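Inside the fold
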Amino acid sequence: MALQNVADASSFRTSEFDTRGSAQAAATPGFRHFLGTPAPSQRFRAFGVDPLGSPSHHAELRRLMHRLSRRMDAAIKWPPHQVRSAEYWENPFIPSGYTYLLQFVAHDLVHSAIPLSVAGGLGGGTTNARRTPLRLETLYGSGPVGSPHIYALDAPNDDRRTKLRLGRMRWKENEPATGCPFRDIARTPAENVTGIDRSIAGVRVALTEALVADPRNDDHAVMSQLTALFALLHNGLIDIIRRHEGNAGPNGQFGAAYKRFLCARGALTAIYHNIIRNDLMRRVVHPAIYTNYHGPNPDFIDRPHSSEGFATGDWEIPLEFSHGAFRFGHAMVRPEYQINDLSLHDLNNTLEKSSVNDPANMPLDETWMVQWSRFYEINGSMPNFSRRIGPHLSDGLGNDQIFPAFDETERVGLLYRDLLGAGLAGMWSVDALIAEIGNRRPQFIAMSRLLADRAYRTDQLREWLAAAPAYGALTTEDIETLSNDPPLPFFILFEAMRQPQAEGLHLGPLGSIIVSEVIFGALAGDPRCTDGSSLAGQLAAISCEYYPANVLQDIPDISSMAQLVEFTTEIAELRQAVPAFL
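Small disclaimer: the values here were computed from a predicted structure and weren't measured. (Residues numbered from 1 in each chain as written. Predicted model: local features only at pLDDT ≥ 70, side-chain atom pairs only at ≥ 80, totals over all residues. Heavy atoms only, no water.)

Let's talk about the packing of aromatic side chains
Each aromatic ring pair is specified by the distance between its two centres and by the angle formed by the two planes. Going through the model one piece at a time under the given rule, you end up with 21 aromatic pairs. Centroid distance Tyr-100 to Tyr-337: 5.8 Å. Interplanar angle 65 degrees. Geometry classified as edge-to-face. With Tyr-100 in helix H4 (residues 97-109) and Tyr-337 in strand E10 (residues 336-340), this residue pair connects regions lying 237 residues apart in the sequence. The buried category is assigned to Tyr-100, whose relative accessible area is 5%. Looking at Tyr-337, the relative accessible area reads 0%, which means it is buried. Seen in terms of ring centroids, Phe-104 and Phe-230 are 4.7 Å apart; in terms of plane orientation they differ by 10 degrees. Their pairing is stacked. Here Phe-104 is found in helix H4, whereas its partner Phe-230 is found in helix H8 (residues 221-244), with 126 residues between them in sequence. Exposure class is identical for Phe-104 and Phe-230. Each is buried. (Phe/Tyr/Trp six-rings, centres within 6.5 Å; stacked < 30°, edge-to-face > 60°. Helix = DSSP H or I, 4+ residues; strand = E, 2+ residues; numbered from the N terminus. Buried < 20%, exposed > 50% of the residue type's maximum accessible area, 1.4 Å probe, protein only.)

Considerations on the environment of Gly-167
Mapping Gly-167 onto the fold places it in strand E5 (residues 167-168). A relative accessible area of 10% means that Gly-167 is categorised as buried. Put simply, Gly-167 and Arg-183 are 16 residues apart on the chain and 6.5 Å apart in space, counted from C-alpha to C-alpha.

A closer look at the pairing of E10
Judged from the four bridges that link them, E10 and strand E11 (residues 343-346) form a sheet pairing that is antiparallel. Residue Glu-336 lies in a different strand from E11, and its bridge partner there is Asp-346. (Pairing = 2+ DSSP bridges.)

As for the nonpolar core
Core analysis: the largest hydrophobic core is formed by 158 residues, its most contacted members being Leu-226, Phe-328, Trp-372, Tyr-376 and Leu-510. When residues in this core are grouped by element, the largest group, 14 residues, is from H8. Once residues within four sequence positions are removed from consideration, Phe-328 is found in contact with Leu-102, Val-284, Ile-389, Ile-492, Leu-493, Leu-507 and Val-515. (Core = buried A, V, L, I, M, F, W, Y, C linked by side-chain atoms within 4.5 Å. Contact = heavy atoms within 4.5 Å.)

With respect to the state of the cysteines
For the structure shown, the criterion picks out zero disulfides. Unpaired in this structure, Cys-263 has its nearest cysteine sulfur neighbour in Cys-544, at a distance of 9.4 Å. Judged by relative accessible area, Cys-263 falls into the buried class, the value being 0%. With relative accessibility at 53%, the residue Cys-544 sits in the exposed group. (Disulfide = S-S within 2.5 Å.)

Some remarks on the pairing of strand E2 (residues 90-95)
Of all six residues making up E2, five are buried, and the element is well covered by its neighbours. Of the pairings in the sheet, the one linking E2 to strand E12 (residues 385-387) comprises three bridges and is antiparallel in character. Considered in E12, the bridge of Glu-90 is made with Arg-387.

What follows is the structure, encoded as C-alpha cells:
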C-alpha cells in the first residue's frame with residue numbers, strides 16, 4: 001500500500017525543536033521518548049493545544065479524557081471465533097496467565113513512586129527507578145545483602161540467605177495431611193505508630209506487610225501467586241546447585257552462598273528471557289512484526305544506546321511504551337477467574353486480596369491457591385482465557401476502592417488514569433509516530449491500511465467514537481479532535497480491535513512495533529542473549545562462571561510458561577499438592 005497519505009498528512013520535521021517543551025518532556029529520570037524527543041508539532045494535542053506546554057489547558061484535557069473513558073465503557077460487539085470454542089469476548093490464543101506475566105514484566109521495567117495521572121505532570125515523583133531492565137529486580141530486589149527481608153535461610157546448618165521467603169497458606173477448614181503449606185508470599189504484621197490495628201480480635205492478626213521486593217507484586221491475589229511461583233522455582237534451583245557443591249568448610253560458606261545465589265539468579269533470568277522471547281511475545285505481537293524481532297540480531301529503529309548494550313544505570317524506558325502501548329494488558333483482564341477446582345472469584349474480589357486491602361484475611365486461604373493449568377494451557381487443559389484486546393476494560397477495573405477518584409472529574413477506575421497519563425506525558429501524536437516509523441521502515445506501515453491511509457484512519461475512528469452516544473456523550477468537537485489526534489493507549493487498543501481476521505487476538509502493527517522495540521531491545525542489552533545460543537548453552541555459560549562443572553545441566557529447555565510450571569512442580573515436589581498446584 002502506498003504511503004502517500006502518511007506523507008501528505010505530516011509536515012512533521014525532526015529538525016523542529018522547542019527547547020522549553022522538549023526539555024520538560026525529557027526531564028524525568030529513567031524515561032525518554034520513542035525514536036527521540038518529538039518536536040512540538042509532533043506531540044499529542046487536544047483541541048489543537050499541546051498539554052505539555054499549556055498547563056492551563058489541563059482541566060479541559062481531563063474532561064475530554066473523562067468523556068472518552070465513558071465511551072470506552074460500552075461493550076465491544078466481537079465477531080464469533082472461527083477455530084476454537086470460547087465466548088466472543090474471550091481470546092482462546094492467550095490464556096489469562098499471560099495477562100499477569102505482562103504485569104510482572106511491566107514491574108520489571110518500570111517502578112515509579114507516583115502515577116503520572118495522579119501527579120498531574122512529569123516530575124520527580126514519576127521517576128523510573130528501573131535502570132537495568134528485565135533483570136528480575138522486581139523479584140530479587142537488591143539481593144540478600146541489600147534486601148534481606150525477602151530472603152530466608154538456605155538450610156538449618158547454614159546462616160546465609162539465598163532462598164526467597166515464602167509464607168504458609170491459610171486453611172478455612174482443617175489442613176489435610178498432604179497439604180503443602182508454603183504456597184503464599186511471605187507476610188508479617190507490623191505495629192503501627194498511629195495505633196491503628198486492622199486485626200480481627202481473638203481470631204487473626206492483620207498481616208499488613210508483604211515481604212516482597214516490589215510491593216506491586218502483592219497488588220492482588222493472582223499477582224502474588226505468580227510471584228510465589230517464581231520464588232518456588234528460584235528456591236528449587238538453589239537446591240539443585242547445592243547438591244552439586246562440595247563442602248566449603250566454615251570459612252568458605254559466605255563465598256559458596258554468594259556463588260550459589262548468583263548462579264541461581266542467572267539461571268532463572270535466562271529462563272525468564274527465553275519465555276518472554278519465545279512464548280509471551282509470540283502470543284501478543286502481530287506475527288509479521290514478531291518475525292522481524294525475535295531472532296538474535298534484530299534491526300532496531302530505536303537505539304539510543306550502543307549496539308554493545310547499555311551500561312548499568314543508563315537504560316531509560318520510552319514513555320510511548322510505558323504510558324502508551326504497554327497499557328494494552330489492562331484490556332486483557334477478565335471479569336472473573338476460576339482460580340482452582342474449589343473456587344471461582346470475580347475480579348473485584350481478586351483485586352482486593354492483598355495485605356494492603358485485606359490484611360485480616362491474610363495469608364491467602366486454599367480458595368486462592370492458583371492451579372496453574374487454569375491459567376496456562378498445560379497437557380491439554382482448558383484455562384481461563386484472556387479478554388480480546390480492544391478499547392474496553394472489565395468492570396472490575398473501575399473499582400472505586402482500588403482506583404478511587406483523584407481529581408475534579410470524580411472519575412474512578414484504571415481506564416481514565418491510563419488516558420490522562422498519556423495526555424500529560426508529551427508523547428508523540430499517532431500521526432507523527434506513524435510518519436516517523438514510515439520514514440525508517442516503510443514496509444511496516446504499508447502492511448496496514450489503518451496506518452498507511454490517514455483519511456481511512458480518521459473515518460474509522462470517527463465512526464466508532466460516534467457509534468454509542470449514550471456512553472460519554474461525546475460532542476462533535478470531541479469526536480473531531482479524538483479522531484484526528486487519538487491518545488496513544490486508546491489507539492493501540494482500537495488498532496488491535498480492527499485487525500483483519502484477528503480482531504482483538506493480538507496487537508496491531510503500531511502497538512507491536514513499540515512493544516517489540518522495547519522488550520526485544522531490553523533483551524538485546526543482555527550479552528548472553530545476543531549470540532543466539534540455546535537456553536542450554538546459556539545455562540552452561542552461567543554455571544561455568546561459578547563452578548568447574550555444569551551444575552545446571554539437568555534443567556530442561558524451558559521456553560514457555562507451561563514448561564516453567566511443570567518443571568517447578570517437579571523440583572518443588574508439588575505434584576501431589578493440595579490444593580492442586582498443576
